[in-house]
Amino acid sequence: MPPELIDGLRARLAGGVVAGGADQALEIRRSLPHGHVAAALGIELVPENRTG
């Protein structure tokens, strides 16, 4: 195993947090609902399913 992987495993087992460098960071630009959230929104947006 690479030394970086071993160091990361040791840190995690000791209760630490392992994060990559800034060059490995992710930026979330858009988030879409999925699963039960999308189903609930889909039902709510259909006019004949609304109550009230």
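It should be emphasised that the depicted structure is a prediction, and the values quoted were computed from it without experimental measurement.

The next point concerns the overall build of the protein chain. When helices and strands are counted, the protein chain shows two helices and zero strands. Across the 52 residues in the protein chain, those meeting the buried criterion constitute 2%. On the protein chain, roughly 5200 Å² of surface is accessible, and the fraction owed to carbon and sulfur atoms is 60%.

Let us now look at a nonpolar patch on the surface. On the surface, M1, L5, L9 and L13 cluster together into a nonpolar patch covering about 490 Å² of accessible area. Looking at the secondary structure, you find L5 in helix 1 (residues 3-13). The partly exposed category is assigned to L5, whose relative accessible area is 41%.

What counts, and where the lines are drawn
- Residues numbered from 1 in each chain as written.
- Predicted model: local features only at pLDDT ≥ 70, side-chain atom pairs only at ≥ 80, totals over all residues.
- Heavy atoms only, no water.
- Helix = DSSP H or I, 4+ residues; strand = E, 2+ residues; numbered from the N terminus.
- Buried < 20%, exposed > 50% of the residue type's maximum accessible area, 1.4 Å probe, protein only.
- Areas by Shrake-Rupley, 256 points an atom, 1.4 Å probe, with all protein chains shown as cover.
- Patch = residues over 30% accessible without salt bridge, like charges linked within 9 Å, V, L, I, M, F, W, Y side chains within 5 Å.
- Salt bridge = Lys/Arg side-chain N within 4 Å of Asp/Glu carboxyl O.

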